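# Coordinate analysis (summary)
So the chains spell out like this:
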Amino acid sequence: MTTVFDNVTTGRPCLVGPQAGLEQLNDTFGRLSAVTFAHDTQLDGMVAHLRADQGHAIVALRGAQVLQWHPTPTSQDVLWLSPTAKLSQEKPLRGGSPICWPWFGAHPNDPAAPSHGFARMAEWCVAATTVSDDATSLNLQLSKANAQTPYWHDDIHVSYEIRLGQTLQMTLTVVNTGNQALEFSEALHTYLHVGDIADVRICGLENKSYYDQVLKSRFKATSSPLKIEEEADRIYHGTHNAVRIEDDNLKRKITLQKEGSASTVVWNPWIDKAERLGDLGPDGYRKMLCVETANIGEDATLLKPGGVHRISTTLAVEPTKRSR
Ligand code: TA6
């Protein structure tokens, strides 16, 4: 059995899913029922199943994309996933929490470059899995197998840790081992599952200024929690605080804590854009809401030689009593 050493910096086996195969992944990184690797027939791709106490999360190895999170066996999924999601398709999977890196939206100079960077379609390798009393973690690294992209830097090391416990924590770490600074924008583009967007309030962005990507202008939010009643595509700058999503339909509130992030994106395509996108399913826009931990544009990161940058999202869910 050959071990595929993908990331020479650590010297540890960093197994790239498709090349390593399920048997080697499970032999090397499987952790009984806490971490198993499998081919998901519905998604038609390789995924990791993480289990801890009551929680269960599913992570696609392609793009290191968290796809599902059930905090308890009976809870509704906290993340929304397109009903047409297929890992075998040569297009980003809509849903879960894709990683947008090292740019957000269109590339600033290259119209041929993929939207939201190359990381979410890239090969990631499995570097470590750990199980403790309170959490199960999966550590993935951007694989050298992507070196063919013109935006690859041999001396920039990108890793991603998914930590499943009472909460779900997703942390992107970028290390600059070279002698040139690197500037990048990024987002942990989390699609939250809501019962009905009409019954949702977004708290924590009151009175904050934002750039409206639909109206192409800057505005200041009101002093009331945000309700989505039309297409919303907002980039709030200078926001480091947590955001709380109150869902009266599913009778729960989701708290999204951020670290290392100064931008917060709120997106719902609404009716017309959802139809144009074509992969949200019937009335899918009513069931999803993106709240994204980001550093975009004026909040972009400049990582100097020897620098380490971390950005993370931590999701927590609590039931609420509020009736619809
Ligand atoms: O985060 C909001 C946004 O930039 C929207 O403008 C919309 O394009 C969304 O991301 C989805 O982008 P994608 O490339 O995944 O379809």
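None of these values were measured; they are calculated from a predicted model.

On to the overall build of the protein chain, then. The secondary structure content of the protein chain amounts to 2 helices and 23 strands. By the compact-globule yardstick of 20 Å for 324 residues, the protein chain fits well, its C-alpha radius of gyration being 19 Å. For the protein chain, long-range pairs separated by at least 24 residues make up 63% of all intrachain contacts whose partners lie at least 6 apart in sequence. Here the protein chain has roughly 14,300 Å² of accessible surface; of this, 49% comes from carbon and sulfur atoms.

This part covers the packing of aromatic side chains. Per the counting criterion, the structure on display carries 9 aromatic pairs. Their ring planes at 25° and their centres at 5.7 Å tell us that W80 and Y191 sit as a pair that is stacked. Of this pair, W80 sits in the loop between β5 (65-70) and β6 (99-100) while Y191 sits in strand β13 (residues 191-193); the two residues are 111 residues apart in sequence, bridging distant segments of the chain. Like W80, the residue Y191 is buried in the burial classification.

Strand β17 (residues 232-236) sits mainly inside the fold: 5 of its 5 residues count as buried. Burial along β17 is two-sided: the face carrying A232, R234 and Y236 and the face carrying D233 and I235 are both buried. For strand β15 (residues 209-212) and β17, the ladder comprises 3 bridges, and the chain directions are antiparallel. When the sheet's bridge partners are listed, Y210 is paired in β17 with Y236. Across 5 bridges, the pairing between β17 and strand β20 (residues 263-268) is antiparallel. Bridge pairing in β20 links D233 to W267.

Another aspect to go through is the site of the ligand. Around the ligand, the neighbouring residues are R94, F104, S115, H116, R120, H189, Y191, D233, V265, W267, K273 and E292. Interatomic distance of 3.3 Å between a side-chain N/O atom of S115 and an oxygen atom of the ligand. Here H189 contributes a side-chain N or O atom positioned 2.9 Å from an oxygen atom of the ligand. When the ligand is considered free in solution it has 390 Å² of accessible area, and contact with the protein chains removes 84% of it. By residue class, the composition of the shell around the ligand is 4 nonpolar, 3 polar and 5 charged.

Turning our eyes to something else, we now look at the pattern of salt bridges. For the structure shown, the criterion picks out 9 salt bridges. We note a salt bridge from D196 to R286, for which the minimum N-O separation is 3.0 Å. Separated by 90 residues along the polypeptide, D196 in the loop between β13 and β14 (200-203) and R286 in the loop between α2 (270-277) and β21 (288-295) bring together distant segments of the chain. Using a relative accessible area of 15% as the deciding quantity, one classes D196 as buried. On the basis of relative accessibility, which here comes to 25%, the residue R286 falls in the partly exposed class. Residue R244 is joined to E246 by a salt bridge in which the shortest nitrogen-to-oxygen separation is 2.9 Å. Connected through shared salt-bridge partners, R201, R244, E246 and D248 make up one network.

What counts and what doesn't
For every chain, the first residue of the written sequence is number 1, and numbering continues from 1 onward in sequence order. The model is predicted, so local features are restricted to residues of pLDDT at least 70 and side-chain atom pairs to those at 80 or more, both for listing and for counting; the totals for chains, interfaces and linings are taken over all residues. Based on all heavy atoms of the structure, the side-chain values leave hydrogens and waters out of the count. Helix numbering and strand numbering both begin at the N terminus, where a helix is a DSSP run of H or I of at least 4 residues and a strand a DSSP run of E of at least 2. In this setup the radius of gyration rests on C-alpha atoms only. A globule is expected at 2.2 Å times the number of residues raised to 0.38. Only heavy atoms matter for contacts: two residues are in contact if any of them lie within 4.5 Å across the pair. Only the protein chains shown count as cover for residues, and the accessible areas themselves come from Shrake-Rupley with a 1.4 Å probe. Think of it this way: a Phe, Tyr or Trp ring, Trp meaning its six-membered ring, pairs with another when their centres are within 6.5 Å, and the plane angle makes it stacked under 30 degrees, edge-to-face over 60, tilted otherwise. Relative accessibility thresholds used throughout: buried, under 20% of the residue-type maximum; exposed, over 50%; partly exposed, between the two (1.4 Å probe, protein chains only). Here a strand pair is declared whenever DSSP counts at least two bridges between the two strands. Any residue with a non-hydrogen atom lying within 4 Å of a molecule or strand is treated as near it. N or O atoms within 3.5 Å of each other form a polar contact, as long as, within protein, one can give a hydrogen and the other can take it, and as long as residues adjacent in sequence are counted only when both atoms are side-chain atoms. Gly is placed with the polar residues, together with every amino acid not listed as nonpolar (Ala, Val, Leu, Ile, Met, Phe, Trp, Tyr, Cys and Pro) or charged (Asp, Glu, Lys and Arg). By convention in these notes, a salt bridge is any Lys or Arg side-chain nitrogen within 4 Å of a carboxyl oxygen on Asp or Glu.

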